[in-house]
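Summary of the model geometry
One-letter residues, chain by chain:
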Amino acid sequence: MSLLFTPVGLSLYLLLALLVAQAARHTRMGFWGFFWASIILTPLVTGFFVLMTQSVPAKPTRPTMKRESSSSAARGAAPSTPSRGRPPR
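Attention in this report is confined to the structure presented alongside it.

The subject of this paragraph is the side chain of T27. Here T27 lies in the loop between α1 (7-23) and α2 (30-40). Looking at T27, its side chain comes within polar contact range of the main-chain oxygen of A24, at 2.8 Å. The contacts of T27, once residues within four sequence positions are left out, are F34, T53, Q54 and V56.

Structure (structure tokens):
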């Protein structure tokens, strides 16, 4: 009987697949893609692919604009900055 088909062998195989998937979190295929590829192929083959792939750069975050408080707008107060570059009246 092969070592792979014992409970210890299956546990080691799954552990290696999880380690490869963890290393591939920031790639295009991601964690689950490489995890299932490791199950279908082998963790060693997919581990080689993880080493050869590039990480996907993080998406830049857009700065949020501050909104005026609704209480000053409700009172009819003039906006603090002129709109469209026009001087305030």
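Alright, that's what it looks like, and here's the rest.
In this model, α1 (17 residues) spans 24 Å end to end at C-alpha, consistent with the 24 Å of a helix rising 1.5 Å per residue. Taken residue by residue, α1 has G9, A17, V20 and A21 as its buried positions. Down the axis of α1, the buried set is contained in an arc of 110°. They therefore lie on one face. In α1, the exposed positions angled more than 90 degrees off the buried face are occupied by P7, V8, L19 and A23.

So, on to the environment of V50. Tracing the chain through its elements places V50 in helix α3 (residues 43-52). Put simply, V50 and R25 are 25 residues apart on the chain and 9.6 Å apart in space, counted from C-alpha to C-alpha. Apart from the residues within four sequence positions on either side, V50 is in contact with V20, A23, A24 and F34.

A surface patch of nonpolar side chains, amounting to about 770 Å² of accessible area, comprises I40, L41, V45, F48, F49, L51 and M52. For the nonpolar patch, the leading source of residues is α3, giving five residues. Relative to the helices and strands, F49 is located in helix α3. Residue classification places F49 among the partly exposed residues on the basis of a relative accessible area of 41%.

Cut-offs applied
Residues numbered from 1 in each chain as written. Predicted model: local features only at pLDDT ≥ 70, side-chain atom pairs only at ≥ 80, totals over all residues. Heavy atoms only, no water. Helix = DSSP H or I, 4+ residues; strand = E, 2+ residues; numbered from the N terminus. Polar contact = N/O pair within 3.5 Å; in protein donor to acceptor, adjacent residues only side chain to side chain. Contact = heavy atoms within 4.5 Å. Expected span 1.5 Å × (residues − 1). Buried < 20%, exposed > 50% of the residue type's maximum accessible area, 1.4 Å probe, protein only. Arc of directions from axis to C-beta. Patch = residues over 30% accessible without salt bridge, like charges linked within 9 Å, V, L, I, M, F, W, Y side chains within 5 Å. Areas by Shrake-Rupley, 256 points an atom, 1.4 Å probe, with all protein chains shown as cover. Salt bridge = Lys/Arg side-chain N within 4 Å of Asp/Glu carboxyl O.

Treat this as a map of the structure, not an account of what it does.
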